[in-house]
Amino acid sequence: MKVLVKNISEIATPLGFEKKCGKSMKDIKVYKNAYILTEDGVIVEVAEGKFDESGFTGDIIDAENKAVIPGFCDSHTHFIFGGYRDEEYDMRLKGASYMEIQEAGGGIKSTVAATREESFDTLYEKGLDRLDSMLSMGVTTVEGKSGYGLDIENELKQLDVMEKLDSVHALDIVKTYMPAHDVPFEYKDNKEGYIDLMINKGIPSAKGKATFFDIFTEKGIFEIEESRRLLQAAKDAGFKLKLHADEIVDIGGGYLAGEMGAVSADHLLMANDKSINKMIEAGTIQTLLPVTAFSLNADYARARVMIDNGGAVALGSDFNPGSCHSNSISLMIALATIYMKMTIEETLTALTLNGAAAMGREKEVGSIEEGKLADLVILDKDRYKFLSYTIGVNIVEKVIKRGELVYDKKQAYID
Ligand SMILES: N=CN[C@@H](CCC(=O)O)C(=O)O
Ligand SMILES: [Zn+2]
């Protein structure tokens, strides 16, 4: 089945089947007055000018002289969770810190209690709504983590919910197993016991159910040597690695990510120069989550140092019920461009091709070119620079996933 997307004012996309590093992050290909031809969900032609429609029997999507970009690849979310933490957020607005709340038994632990309580079906229904919301912001591939079960059964419940969602929803989901998100209440005086449980039972139980293993490497949560043991066990079991690193305190989590050959290290608000250089040397993608920094009222990650020294930077939403209850792509773009001093071209690469690479999907998605899946966003503006210029506003008009129109903002309104 062929689909033609025609009357495109401008296509803006990074090009390639590998992550972009350093200076090349800003190299965006811009086609003017263009079209995209797809077949069976895959892009077969991208060109400027008019496509000869005589004898064409496929479907046509008219972009009405609007700009087209690749579907966003959000490589860091915790979107399967029970309950909410609005009261804790209010406490933070009144001055309590994220870690104070966590140490007092709130934070991740309160979401773990709520997620254990919630049935598969309830988590699934909430997941559907959250995926719809992501789609409306132009996200076509998303990473989702477990990490709110913290026991064998409930961690697998989260992964199974994502598996089912992936099979029914237009968005593609890349699953991450994260039993090392925190030490559960029942092991509060026996962290070693929990680490042994994860190594001996948890990791084997999740084999084949998730692509990545992730850990919260943080002072007072999992320290460097504890993290190393867990990461090694996960790597030996065939998982690719991710780390939540250097978010609150610099304990060298970014350096460990480089040493372990992790695909990505995420947050990195406090990452020091040695860690940044180690990640660059190791090819570890530095995934930055500016909406979390904004929500925690913390300093932003040093994107310019990372990019100017040759690093590959991705951007993710970190959508979760605690540190960042927002999946807003437009807010993320505003923060990345204004506070992290990324250009809009670097930001686009970070949210598409590099995000795809942070999920191991760079060969399939993340750019608009022959051979990639036809995952496209039609903006309601004719130039891609409106992505940053229209501050904090969602300018996604239509979303195409594997060549099929799956979201149209205009149909969301009653006339
Ligand atoms: N920092 C650790 N994990 C999440 C927050 C999870 C939560 O607060 O529930 C994050 O990436 O920010
Ligand atoms: Zn996270």
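The following paragraphs examine the structure supplied in this document. (Residues numbered from 1 in each chain as written. Chains lettered and ligands numbered in written order. Predicted model: local features only at pLDDT ≥ 70, side-chain atom pairs only at ≥ 80, totals over all residues. Heavy atoms only, no water.)

**Topic: a negative patch on the surface**
Link 1 in the chain: On the surface, Asp 121, Glu 125, Asp 129 and Asp 132 cluster together into a patch of negative charge.
Link 2 in the chain: Relative to the assigned elements, Asp 129 resides in helix H4 (residues 120-136).
Link 3 in the chain: For Asp 129, a relative accessible area of 53% corresponds to the exposed category. (Patch = residues over 30% accessible without salt bridge, like charges linked within 9 Å, V, L, I, M, F, W, Y side chains within 5 Å. Areas by Shrake-Rupley, 256 points an atom, 1.4 Å probe, with all protein chains shown as cover. Salt bridge = Lys/Arg side-chain N within 4 Å of Asp/Glu carboxyl O. Lys, Arg positive; Asp, Glu negative; His and termini not counted. Charge placed at Lys NZ, Arg CZ, Asp CG, Glu CD. Helix = DSSP H or I, 4+ residues; strand = E, 2+ residues; numbered from the N terminus. Buried < 20%, exposed > 50% of the residue type's maximum accessible area, 1.4 Å probe, protein only.)

**Here's the deal with the sheet that holds strand E11 (residues 285-288)**
Link 1 in the chain: The strand order across the open sheet built from 8 strands is E5-E6-E7-E8-E9-E10-E11-E12, with neighbouring strands paired in parallel fashion. Either end of the sheet is taken by a strand with one partner, and the two such strands are strand E5 (72-74) and strand E12 (313-315). Between one strand axis and the next, the sheet turns by 25° as a mean value, whatever way the strands run.
Link 2 in the chain: Sheet topology places strand E7 (residues 172-180) next to strand E8 (residues 212-217); 3 bridges connect them, and they run parallel. The residue of E8 that forms the bridge with Ala 180 is Ile 215.
Link 3 in the chain: Across the sheet, helix H5 (residues 152-168) lies against strand E6 (139-145) and E7, angled at about 175° from E7, the strand it touches most.
Link 4 in the chain: The sheet contacts of helix H13 (residues 344-351) involve E5 and E12, and relative to E12 the element is tilted by about 75°. (Pairing = 2+ DSSP bridges. Axes fitted to C-alpha atoms, helices over the stretch in contact; angles between N-to-C directions. Contact = heavy atoms within 4.5 Å.)

**With respect to the nonpolar core**
Link 1 in the chain: Core analysis: the largest hydrophobic core is formed by 99 residues, its most contacted members being Phe 213, Phe 222, Met 342 and Leu 387.
Link 2 in the chain: In terms of domain composition, this core takes at least three residues from each of domain 1 (2-70 + 365-413) and domain 2 (73-358).
Link 3 in the chain: When neighbours within four sequence positions are excluded, Leu 387 is seen to be in contact with Ile 69, Phe 72, Ile 333, Ile 344, Leu 348, Leu 379 and Ile 395.
Link 4 in the chain: Of all hydrophobic cores here, the second largest spans 17 residues; its members include Val 5, Ile 11, Tyr 31 and Ile 43. (Core = buried A, V, L, I, M, F, W, Y, C linked by side-chain atoms within 4.5 Å. Domains from an automatic or database assignment.)

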